[in-house]
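# Chain and residue survey
One letter stands for each residue in the lines below.
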Amino acid sequence: MITYATEFKTASAQVTTDGKLRAFLRRALGSYEATRDTTQRKYHSWSEARQAASEIKWDAVNHLDRYLAEFITKIEARGAKVFVAADAAQARDYILGVAKENGVRSIIKAKSMTTEEIHLNDALEKEGHAVFESDLGEYIVQLRDETPYHFVFPAMHLTREQISDLFQKELGSEPTNDPEQLTMIARRVMRAKYIEADMGISGANFAVAETGMISITENEGNARLTCALPKIHVAVMGIEKVLPKLEDLALFLPMLATAGTGQALTCYNSLYGGPRQPGEVDGPQQFHLVLVDNRRTELLADAEQRDALHCIRCGACLNVCPIFKNVGGHSYGTTYQGPIGSVITPHLRGLQNWKHLSSASSLCGACTETCPVGIDLHHHLLHNRRNAMREKPLWWEKILYAGFVFLMLRPGLYRIAGKLGAIFFPLHKIVNGTPLDPLRSWTKTREFPAPARQSFADYWNRKKSNAGANRGAH
Ligand code: SF4
């Protein structure tokens, strides 16, 4: 039977044996940590900034009802239409309704992971609307009929040559490996799409309760055109994006850039707070804001893992994750990849179907260490594993853990088992990889770890007896 877990296993096995792709991914992320560290050193104290960000997010998430109500009241007062969608289907239906009511034919989109989460493009295209992604990376993966590889760098898995081939095939352009020329090719196509579009769809990085505005951060200027040119602007965001005050952006905007790409500040940071106001010369005539719950309130109710809603989607945890670097983004089969994806996907899409992602981790803690808002990511992976086991233990898990408890409670037996393990290792070497090897599916892609020459108990006993002998000698 094909499950999400078997698909993940097959896809990640394919990538782990593709040395070229892994080397390319490592190179693509290679300079990230050095650039980020240089920018972080410009902060008076990065750790104090992290602490402050974590506290603001804690306040925002733990008082989400109040801040959301304040935000909605203020943005509605300026003419925005707000729709709170309980799930993805409600969000899609609302946007389809707006498109139908206004006779929308062509839609331009800025980057938005929430619209990926609710599978908006497919729904719009099925109803006959032409949808164009305006972020360069998103446009490239759209032309390839793929999902984003990384939620900050959607096309990071592609070489310039591959992008040039794609543009030749899909857009009839001349071959070139020059990034600027490749950008200009996409830009020429895109300009016409902005003019034609009846509707612009964007996401939002933050929503400010105090002023009733959404904040959008980008490097290409495409989101500004998407939000300003078409007569209808639809913004789609998760309910957890609210920040209490405008001044909070002074911390979060540079922090998002530094953690995400290593930049001091992203090139364009814009605030939008409703449709064109009387006396204004530009801006959309209609402004719709779709607030997506989609099981976020269930995560909010979970006091242990609620801080996963602090995420600002900077992508830093993906960039440092040894699993992401080796299995790549598409293997996850989710909207949100990497450590944060492995933590929240079981909440958003069902624990039993997605629990395997929480096991695909070395628990090294690099994600937790790098997260700018201090989410305890690697412990949440453990929480998911524990919850999945409690909810529906598999027969072999029950036997395995019962055996583990049995051994742990009997030190004598535990020591014998350790000795047997030491005998098993040379025996395993003889059958390694053959049909007689009981561990062959596990050792296909890894070495069986050699047992320590000395157990900790032996080491400790010897140390104690040596100390006793020394005391006797004195
Ligand atoms: S969990 Fe932290 S590091 Fe990962 S994307 Fe979210 S904010 Fe960034």
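Next up on the list: the sheet that holds strand E7 (residues 232-238). One open sheet holds the six strands; their spatial order is E1-E10-E7-E4-E2-E3, and the pairing between them is parallel. In this open sheet, the two edge strands, each paired with only one partner strand, are strand E1 (81-85) and strand E3 (130-133). When strand polarity is set aside, the average angle formed by the axes of neighbouring strands in this sheet is 20°. Alignment of strand E4 (residues 199-202) against E7, held across four bridges, turns out to be parallel. Of the residues in E7, the one forming a bridge with Ile 201 is Val 234. In this fold helix H5 (residues 64-77) packs onto E1, E7 and strand E10 (286-292), with an angle of close to 170° to the strand it touches most, E10.

Looking at the ligand, there are 14 residues lining it, with Cys 311, Cys 314, Gly 315, Cys 317 and Cys 371 nearest. Of the residues in the shell around the ligand, the class split is 12 nonpolar, one polar and one charged.

It is worth spelling out H5 at this point. Taking 1.5 Å of rise per residue, 14 residues should cover 20 Å, and H5 covers 20 Å from first to last C-alpha, within 8% of that figure. Buried within H5 we find Leu 64, Tyr 67, Leu 68, Phe 71, Ile 72 and Ile 75. The buried residues of H5 all sit within an arc of 130° when viewed along its axis, so they share a single face. Counted as exposed and oriented over 90 degrees from the buried face of H5: Asp 65, Thr 73 and Ala 77. Of the residues one or two after H5, Gly 79 is the one with positive phi, at around 100°.

For the rest of this paragraph, the subject is the pairing of strand E2 (residues 106-109). Neither face of E2 is open: one carries Ser 106 and Ile 108, the other Ile 107 and Lys 109, and all of them are buried. Across three bridges, the pairing between E2 and E4 is parallel. Looking at E4, one finds that Lys 109 is bridged to Ile 201.

Attention now moves to helix H3 (residues 32-40). Among all positions in H3, only Tyr 32, Arg 36, Thr 39 and Gln 40 are buried. Around the axis of H3, the buried residues are gathered within 100° of arc, so they sit on the same side. Close packing links the buried residues of H3 with helix H2 (19-30), helix H4 (46-62), helix H13 (249-261), helix H15 (316-320) and helix H20 (366-370).

Reading guide: rules and limits
Residues numbered from 1 in each chain as written. Predicted model: local features only at pLDDT ≥ 70, side-chain atom pairs only at ≥ 80, totals over all residues. Heavy atoms only, no water. Pairing = 2+ DSSP bridges. Helix = DSSP H or I, 4+ residues; strand = E, 2+ residues; numbered from the N terminus. Axes fitted to C-alpha atoms, helices over the stretch in contact; angles between N-to-C directions. Contact = heavy atoms within 4.5 Å. Near = heavy atom within 4 Å. Nonpolar A, V, L, I, M, F, W, Y, C, P; charged D, E, K, R; others polar. Expected span 1.5 Å × (residues − 1). Buried < 20%, exposed > 50% of the residue type's maximum accessible area, 1.4 Å probe, protein only. Arc of directions from axis to C-beta.

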